[in-house]
Amino acid sequence: MTAVDTLEAPPPPEASAPKEEQPYVDPRKPRRTGLKLLGVLIVWLVLFFSLKNKMTKAMGIQDTTELHRKLNDARDWVQLHGGDNWFFGSVLGTIGDFSNWVVQQLQKLISIPAFPRPTPEIGWLGVVALVAWITYVLAGLRSTILVTISMLLFGVFGLWPDSMDLLIVTIVSVVICIIIGLPIGIGMARNKTTSTVITPILDIMQTMPPFCYLAPMALFFGIGPSAAVVLTIIYALPPIVRITEHAIKSVSPTTIEAARSMGLTKMQMLRQVQLPMARRTIVVGINQCTMAALSMATIAALVNGPGLGKPVVAALQIENVGAASVAGLAIVLMAIMLDRTTTAASERAASGQSQVASTSGMGVMLAGVALERLPRWATEEAGRGQHLPRLTRSGRALVMGVLLIPVVFCLWLSRLQLDYAIFPNVDNTPVLKWISGANLTNAINDFTNWLIDHIDTFTIGLKNDVTTWLINPLQNLLAESPWWVMALVLLAVAYVLGGWRPLIPTVICEAVIYGTGLWNDAMVTLAMTLLATALVMLLAVWLGVTMGRSRQADVVIRPVLDAFQVIPPFVYLVPALALFQPSRFTAIVAAVAYAFPIATKLVADGIRGVAPTTVEAARASGSTRRQMILKVQLPMARESLVLATNQGLLYVLSMVVIGGMVGGGSLGYIVVSGFSQQQLFGKGLAAGVAIAALGVMLDRIARYAAARAGR
Amino acid sequence: MGRGSARTRLVALAAVVGLGLTACGGGNISDTKTTSGGTSCGDLRIAVNPWTGYVSNAHVIGQIAKEKLGCNVTYPDVKEEVGWQGMASGDIDTIVENWGHADLVKKYIDEQKSVEDAGLTGNEGLIGWFVPQWMADKYPDILDWHNLNKYASMFKTSESGGQGQLLDGDPSYVTNDEALVKNLHLNYKVVVGGSEAALLTSFKSAEKNKTPLLAYFYTPQWYAEVDGASTPGVKDPIQIAHVKLPKWTPGCDDDAAKVACDYPPYHLNKLISTKFADSGSPAVALIKNFNWTNEDQNTVSSYIGQDGMSPDDAAQKWIDANPDKVAAWLKGTGVS
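Not measured: the values here are computed from a predicted model.

### Description of the overall build of chain A
Now for step 1: Counting secondary structure elements, chain A contains 29 helices and three strands.
Now for step 2: Classification of the 711 residues of chain A by burial places 52% in the buried group.

### Thoughts on the overall build of chain B
Now for step 1: Summing up its helical and strand segments, chain B has 13 helices and 10 strands in all.
Now for step 2: Among the 336 residues that make up chain B, the fraction classed as buried is 49%.
Now for step 3: For chain B, long-range pairs separated by at least 24 residues make up 73% of all intrachain contacts whose partners lie at least 6 apart in sequence.

### Things to note about the interface of chain B and chain A
Now for step 1: Between chain B and chain A, the residue contacts involve 55 residues of the former and 66 residues of the latter.
Now for step 2: Breaking the side of chain B that touches chain A down by element, the ones donating at least two residues are helix 1 (2-22), helix 3 (80-89), strand 6 (188-192), helix 8 (196-209) and helix 11 (294-305) of chain B.
Now for step 3: Residues that form the side of chain B that touches chain A fall into these classes: 21 nonpolar, 25 polar and nine charged.

### Thoughts on the packing of helix 21 (residues 551-566) of chain A against helix 23 (residues 584-609) of chain A
All names here are of chain A.
Now for step 1: With their axes 8 Å apart at the nearest point, helix 21 and helix 23 run at an angle of 140° to one another. Put simply, helix 21 runs oblique to helix 23. Between helix 21 and helix 23 lies a crossing whose hand is left-handed. Facing Asp-554, Leu-561, Phe-564 and Gln-565 of helix 21, the residues of helix 23 in contact are Ala-593, Pro-597, Ile-598, Thr-600, Lys-601 and Ala-604.

### Focus: helix 19 (residues 503-516) of chain A
Residues and elements named next belong to chain A.
Now for step 1: Its 14 residues give helix 19 an end-to-end C-alpha distance of 20 Å, which sits within 8% of 20 Å, the value for a rise of 1.5 Å per residue.
Now for step 2: Taken together, the buried positions of helix 19 are Pro-505, Thr-506, Cys-509, Glu-510, Ile-513 and Thr-516. In a view along the axis of helix 19, the buried residues occupy a sector of 135°, so they form one face of it. Exposed and facing more than 90 degrees away from the buried side of helix 19 are Ile-504 and Ala-511.
Now for step 3: Immediately downstream of helix 19, the backbone of Gly-517 shows phi near 80°, a positive value.

### Observations regarding the domain arrangement of chain A
Residue and element names in this part refer to chain A.
Now for step 1: The domains assigned to chain A are domain 1 (157-383) and domain 2 (457-709).
Now for step 2: The gap between the C-alpha centroids of domain 1 and domain 2 is 23 Å.
Now for step 3: Taken together, the contacts link 37 residues of domain 1 with 38 residues of domain 2.
Now for step 4: Counting only elements with at least two residues in the side of domain 1 that touches domain 2, the list comes to helix 7 (192-207), helix 8 (214-221), helix 12 (297-301), helix 13 (309-317), helix 14 (321-349) and strand 3 (370-373).
Now for step 5: Among the elements that take part in the side of domain 1 that touches domain 2, helix 14 stands out by supplying seven residues, more than any other.

### As for the nonpolar core
Residues and elements named next belong to chain A.
Now for step 1: One finds Leu-231, Ala-330, Ile-331 and Ala-590 to be the most contacted residues of the largest nonpolar core, which totals 298 residues.
Now for step 2: The element that contributes the greatest number of residues to this core is helix 29 (residues 681-709), accounting for 18 residues.
Now for step 3: Among all residues touching Ala-590, those that are not within four sequence positions of it are Pro-569, Tyr-572, Leu-573, Ala-576, Met-655, Ile-658, Gly-659 and Val-662.

### Focus on the domain arrangement of chain B
Residues and elements named next belong to chain B.
Now for step 1: Domain annotation of chain B identifies domain 1 (43-123 + 267-329) and domain 2 (125-258).
Now for step 2: Summarising the inter-unit geometry, the C-alpha centres of domain 1 and domain 2 are found 28 Å apart.
Now for step 3: Secondary-structure elements contributing two or more residues to the side of domain 1 that touches domain 2 are helix 2 (52-67), helix 3 and helix 11.
Now for step 4: It is helix 11 that provides the largest number of residues to the side of domain 1 that touches domain 2, a total of six residues.
Now for step 5: Tallied by class, the residues present in the side of domain 1 that touches domain 2 amount to four nonpolar, 12 polar and three charged.

### Digging into the environment of Leu491(A)
Residue and element names in this part refer to chain A.
Now for step 1: The topology assignment puts Leu-491 in helix 18 (residues 483-498).
Now for step 2: As a C-alpha pair, Leu-491 and Leu-503 span 12 residues in sequence and 6.4 Å in three-dimensional space.
Now for step 3: In this structure Leu-491 touches Leu-503 and Thr-506, once residues within four positions along its chain are discounted.

### Thoughts on the packing of helix 17 (residues 437-479) of chain A against helix 20 (residues 519-549) of chain A
Residues and elements named next belong to chain A.
Now for step 1: Following both chains from N to C, one finds helix 17 and helix 20 inclined at 140°, their axes separated by 9 Å at the closest point. Relative to helix 20, helix 17 is oriented oblique. Note that helix 17 runs across helix 20; the crossing there is right-handed. Of the residues in helix 20, those in contact with Leu-470, Ile-471, Leu-474, Gln-475, Leu-478 and Ala-479 of helix 17 are Asn-520, Met-523, Val-524, Leu-526, Ala-527 and Leu-531.

### Considerations on the pairing of strand 3 (residues 94-98) of chain B
Residue and element names in this part refer to chain B.
Now for step 1: Within strand 3, five of the five residues are buried, which leaves the element mostly enclosed by the surrounding structure.
Now for step 2: Pairing analysis gives three bridges linking strand 3 to strand 10 (residues 266-273), with the strands arranged antiparallel. Its bridge partner lying in strand 10, Ile-95 is registered against Leu-271.

### Notes on the confidence of the model for chain A
All names here are of chain A.
Now for step 1: In this model, chain A carries an average pLDDT of 82, and 89% of its residues clear a pLDDT of 70 or more.
Now for step 2: The low-confidence segment residues 1-25 (pLDDT under 50) makes 37 contacts with residues lying over four places distant or belonging to another chain.
Now for step 3: Low pLDDT (under 50) marks residues 351-387, which in the prediction has 91 contacts with non-local residues, meaning those over four places away or in another chain.

### Let's talk about the pairing of strand 10 of chain B
For a regular strand, side-chain orientation follows a simple rule: the groups alternate between the two sheet faces.
Now for step 1: As judged from the six bridges shared by strand 4 (residues 115-132) of chain B and strand 10 of chain B, these two strands associate in the antiparallel manner. Following the sheet pairing, Leu120(B) is matched in strand 10 of chain B by Asn269(B).

### Looking at the confidence of the model for chain B
Residues and elements named next belong to chain B.
Now for step 1: Confidence in the prediction of chain B, expressed as mean pLDDT, is 82, and 86% of residues score 70 or more.
Now for step 2: Mean pLDDT values over the elements of chain B span from 47, in helix 1, up to 94, in strand 3.
Now for step 3: Note that residues 31-39 has pLDDT below 50 and, in this model, 17 contacts with residues that lie over four places away or in other chains.
Now for step 4: Listed scores for the predicted complex are pTM 0.79 and ipTM 0.73.

### Overview of helix 5 (residues 141-156) of chain A
All names here are of chain A.
Now for step 1: The terminal C-alpha atoms of helix 5, which comprises 16 residues, lie 23 Å apart, in line with the 22 Å expected from a rise of 1.5 Å per residue.
Now for step 2: Within helix 5, burial applies to Ser-143, Thr-144, Val-147, Thr-148, Ser-150, Met-151, Phe-154, Gly-155 and Val-156.
Now for step 3: With its phi angle positive at about 80°, Gly-158 sits one or two positions after the end of helix 5.

Analysis parameters
- Residues numbered from 1 in each chain as written.
- Chains lettered and ligands numbered in written order.
- Predicted model: local features only at pLDDT ≥ 70, side-chain atom pairs only at ≥ 80, totals over all residues.
- Helix = DSSP H or I, 4+ residues; strand = E, 2+ residues; numbered from the N terminus.
- Buried ≥ 20, exposed ≤ 12 C-beta atoms within 10 Å, placed from the backbone.
- Contact = placed C-beta atoms within 7 Å.
- Nonpolar A, V, L, I, M, F, W, Y, C, P; charged D, E, K, R; others polar.
- Axes fitted to C-alpha atoms, helices over the stretch in contact; angles between N-to-C directions.
- Parallel < 35°, antiparallel > 145°, perpendicular 65-115°, else oblique.
- Left-handed = near helix turned anticlockwise from the far one by under 90°.
- Expected span 1.5 Å × (residues − 1).
- Arc of directions from axis to C-beta.
- Domains from an automatic or database assignment.
- Core = buried A, V, L, I, M, F, W, Y, C linked by C-beta atoms within 7 Å.
- Pairing = 2+ DSSP bridges.
- pLDDT = per-residue confidence, 0-100.

Here it is in structure tokens:
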């Protein structure tokens, strides 16, 4: 049982190792990758020391190139004449106004006062009852309990309106993603050309940090809900398209053949065979899409998008880690609630199949989508085994109908009574006051201050040592080598690791980075990315092996990983700053905190996937624990390790911009500046493109390396 | 299934009972008044920039507009440049604390005429370089920029590559620091922390651990005691001292690349979009009239930053305590 399904994986290596590519090499002969890499390193070092600091393409932060200034001019033109232009004024303007209108109507319904009423149309009690009912119909009892508790906690935290806003923006974005994404995904599955054209676009959408298109979106759609919705869609669309394509493609060919032999037309085939059979996986796609949409909450707040991102950003301004954490916690709750509900719904869509859950998480910038299996205890059907519905279809409808009565009662009550309309403040309510927003905020602040007071001398020392011995040497090597040396080194590494196939993407990406005029900054970013990824893998292997070998460890560690995947990274920036000062190391720490959960889960899955017979055999032949891990389990899980590295790399890269806000500098900082200073708009945009190019390049190299490792 | 639905009903019942407990004695909505105010004000969208002093201005104006004028007030969170852009495109009505921005003034006020100056806020802004007070006490001559190179090695960090570190703030803040370091021949490197939070955290930790720090900062700043000034009522204020750069003279900072003088004294002002100014909203007069002192702003900011009050509550507390000032601002709005 392999526990990880990779979609979009490169073609199976056995089939694609044609003789003409490596004519004189016996595929079974050891490749001596390590030796070749050492050779590359030696040549590189020689060139580095002889040509140090020449032709590095370094550039000051305020310096701009022709390209950057042209982009600025384009921005000025849109600002001045956009309103009169048919595309910017009419098309984008209408889309913007329409989505603003939709969001506002929904807000009046559940989150903001619907003038002249002092409250929204439906108060909190009505919303909770309605949502609980919908969850029960779609998912089941466990999910309903979970959802109800989460919704009540939003109120107890004092974040009810913001939570509802986030729910609205997420749902509007996801609905639009489904409307756009399903047809595209289906088209890609049925037509190879469509797939070839769209896949690279999806790659770019997923590797480009959202920060990069923040400024253009604010320009095109104005600041407010519409820009937030568009941002969210750009980020959340790729997973649903990819998974839909995968779902349709993986309908068994024998079934298709059987259907075809019965004379079904193409349309009938789609509607009666492919879609029903792919339904369950498509729901997983919707789940992925929802998680990606939620992860945009804090970033959307920067263009005045409504939702829980706003209290996070506001709290950080006044350095209130506690308040930011409580809002972050609410986002986590929202994610868990939507994740488990859509997962339960997908189980319902086809019960009896294996339980696959999504990799939830903030930066679903996976170029290939990795699906992760949930352990059994986390699913709706946990421990209950199969059971058939006891009610007929009409009986079920009747029960649901009867359950509507209390829902309608609650709705009515919430329109009538102020306390059921606006969530009461629970700061002085017995018991509940312990988990009120204010109390949690203080507790978290006290703990953070205590922690910082006690360990900051140690952590700053650690930062200095790591910077001197690791970051600086690596960065110097990459950023002070002439640009063409670096370009050749990257090509050589790509060839040694992945063979001929990653060479063309690598050359294209290098050309793009060179074209942005930010080569030197890209190399600084690359150095930090590589270092952070190495740390991520160290942590992931250690934790992943523990989890893979022990169920108890899994039960304890997995929820922590889940929380780390969903909590907005902004939340831990302030404590990280206090512990490590604004520095590149802080940026690396933030990236590691963000990327280690996904890598750990993939490693754990790999270890668990090693055949029990193999493990048993090794044990019988007297392997020690250490031998078992190093000689049996890790080598057998090699494929998962490479996949984990790939995902770790991409996640780390998606944190580059956030790293730029805590002293990471280079590309990330340029992106942030581009958003803040008008004369750097173009440069920031170019830096975003450079980050995307870096991401695509690393991803291609890692993917083909993974394909080889699988041999 | 049957068992399941019975359980659900139980859950629903329990929820309703629970609610009854948390919310005793609810008022009937039809009894409660909606916001008062006779004039039709409509929407008022006040941009909120990322620092606490700004939030105080915005919410005091907003709270008065809401309570007295009956405006429907919203607070879009944006950075400074985006706020200007928003006024030009009609997404934002006003910015209530503007720090200079000569380039934007030229572009939006002089050329596009989409934004208008709405008068001073009364706050005097100071931007400059600061060190923690303990350093000023121990090395008094550090407050003169001529001596900065002498101390450069003290400010060395892992990020500054052998030079002294000058820590900067949010990239959207007004800054000439790169040019200053170059033109004053200082052996320093500008390292960017990224936000107000990063600056505050750094000053706090420098004060606590008695470590050296040279950083960009600005006042009014409720949190900070500058050059020994006191901030009554603030718990653990950070104590900082201002480093004097070559004196500012009009025009010395015109060429951004050649700046070699201190930041000018900022007379902070308010801006409104032309569209909003012509709308006839009573809030226009309120915004133009608004004028208060640094102490006023710091008071509200400390309610927010230290006492953890919501910006609206903090603003209301100040409004209730200062009816005279509020009454003066309401002149010309048709409401008293």
